[in-house]
Each structure stands twice: as structure tokens, then as C-alpha cells.
Amino acid sequence: MVSILTWFRSLHDMHVAVQFPWVLLTSALMCSLLLVSCRNPGILRRHSEMPPGEEWIWNDQALTFRPERANYDVECAAVIEEFDHTCPWTGTAIGKNNMPAFKMFLKLIFTCAIFDVGLNLFTSSSSLLT
């Protein structure tokens, strides 16, 4: 929402040296959001019998065996490898496979917010001076 406000309110009068980084950051933010929300977070197949190899634990909620570092996510109704949380912003579980993209999403959303607020404050203050 802030980025849309920035585009219509501030960027049309700015130099290309300001517009280009803004477009680049906002595009990267949208790409990271897409990667987080569309990537498999690490959903594991169900196992009715204990698989050989590493130590597996029975999970009553999922009715399956799971590795120690995997947890059942109630909202996704699946066992997620290295499950962290279910993100309301992306609408998906955050696990082993999408954690790097999620960390990038968090960094970019913070950077874009600072950039957008700074641009909006700059244009507000410069319009007050004229």
C-alpha cells in the first residue's frame, strides 16, 4: 500500500536515479513474496511404517512418522520439514525449503518501507517549502 502511494505521490517527479532503485527494490520484494508463497515449504510424505535411517517419531495429529526436526502444521494439515511458523502475509507455512526466500522477503519489506517512507517525507517537506 505504501509503495502504491509512493509511486503516485512521489516518484513521478523524481530523477531516474531515484526511480530505478525503487522499481528494483519493489520488483525484488514481489519476486521474494512469490518465491515464499509458491514454493513447497518442505512437506513430507506420510509414512505408516517407520522408515529406515534417521530417528523418526510418531505424530498423532498427522497419523504418520516424522523426523525429529519436522513438525505438524495445523493450518496446512501437513508435516513440514524444519517448520518455523505459518506466515499470515504469505499465506503459507515457512519451513526448510522456503526459509531463505522468507528471510529475503523480510529484509526487502523493511528496506522498501524505509525507502518509501523516506521518499514520502522528502516530497512532503519539499512541497511545504515551496
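Placed above this text is the structure.
Residues numbered from 1 in each chain as written. Predicted model: local features only at pLDDT ≥ 70, side-chain atom pairs only at ≥ 80, totals over all residues. Heavy atoms only, no water.

A.B. asks: Could you give me a rundown of unusual backbone geometry, with the residues and numbers involved?
C.D. replies: Residue Ala77 is not a glycine yet carries a positive backbone phi of 55°. At Glu82, a position not held by glycine, the phi torsion is positive, near 50°. If you trace the backbone, Glu82 turns up in the loop between β4 (78–81) and β5 (85–87). A relative accessible area of 32% means that Glu82 is categorised as partly exposed. (Helix = DSSP H or I, 4+ residues; strand = E, 2+ residues; numbered from the N terminus. Buried < 20%, exposed > 50% of the residue type's maximum accessible area, 1.4 Å probe, protein only.)

A.B. asks: Tell me about the pairing of β4, and name the residues and values.
C.D. replies: Within a regular strand, the side chains alternate between the two sheet faces. As defined by bridge partners, strand β3 (residues 70–73) adjoins β4 across 4 bridges and the pair is classed as antiparallel. Bridging across to β4, Tyr72 finds its partner in Val79. From the end of β3 to the start of β4, which pair antiparallel, there are 4 residues, and Ala77 there has a positive phi angle of about 55°. (Pairing = 2+ DSSP bridges.)

A.B. asks: A description of the pattern of salt bridges should follow, citing residues and the corresponding values.
C.D. replies: Working definition: two side chains of opposite charge can pair if their charged atoms are close together. What the rule picks out here adds up to 2 salt bridges. Taking the shortest distance from any N to any O, the salt bridge between Arg69 and Glu82 comes out at 3.7 Å. A residue pair is termed long-range when its members are at least 10 positions apart, and Arg69 in the loop between β2 (64–67) and β3 and Glu82 in the loop between β4 and β5 qualify at 13 residues. Given a relative accessible area of 59%, Arg69 falls into the exposed group. We note a salt bridge from Glu81 to Lys96, for which the minimum N-O separation is 3.5 Å. Of this pair, Glu81 sits in strand β4 while Lys96 sits in the loop between β6 (92–94) and α3 (99–129), and the two are 15 residues apart along the sequence. Taking relative accessible area as the criterion, Glu81 reaches 25% and is therefore assigned partly exposed. (Salt bridge = Lys/Arg side-chain N within 4 Å of Asp/Glu carboxyl O.)

A.B. asks: I'd like a description of the nonpolar core, backed by residues and values.
C.D. replies: A general feature of soluble globular proteins is that nonpolar side chains tend to end up buried together. One finds Leu25, Leu29, Val36, Cys87, Ile94, Met99, Ala101, Phe102, Phe105, Leu108 and Cys112 forming the largest nonpolar core, which totals 11 residues. For this core, the secondary structure elements donating two or more residues are α2 (16–38) and α3. With 6 residues, α3 is the largest single contributor of residues to this core. Those residues in contact with Phe102 that lie beyond four places of it in its chain are Val36, His85, Cys87 and Ile94. (Core = buried A, V, L, I, M, F, W, Y, C linked by side-chain atoms within 4.5 Å. Contact = heavy atoms within 4.5 Å.)

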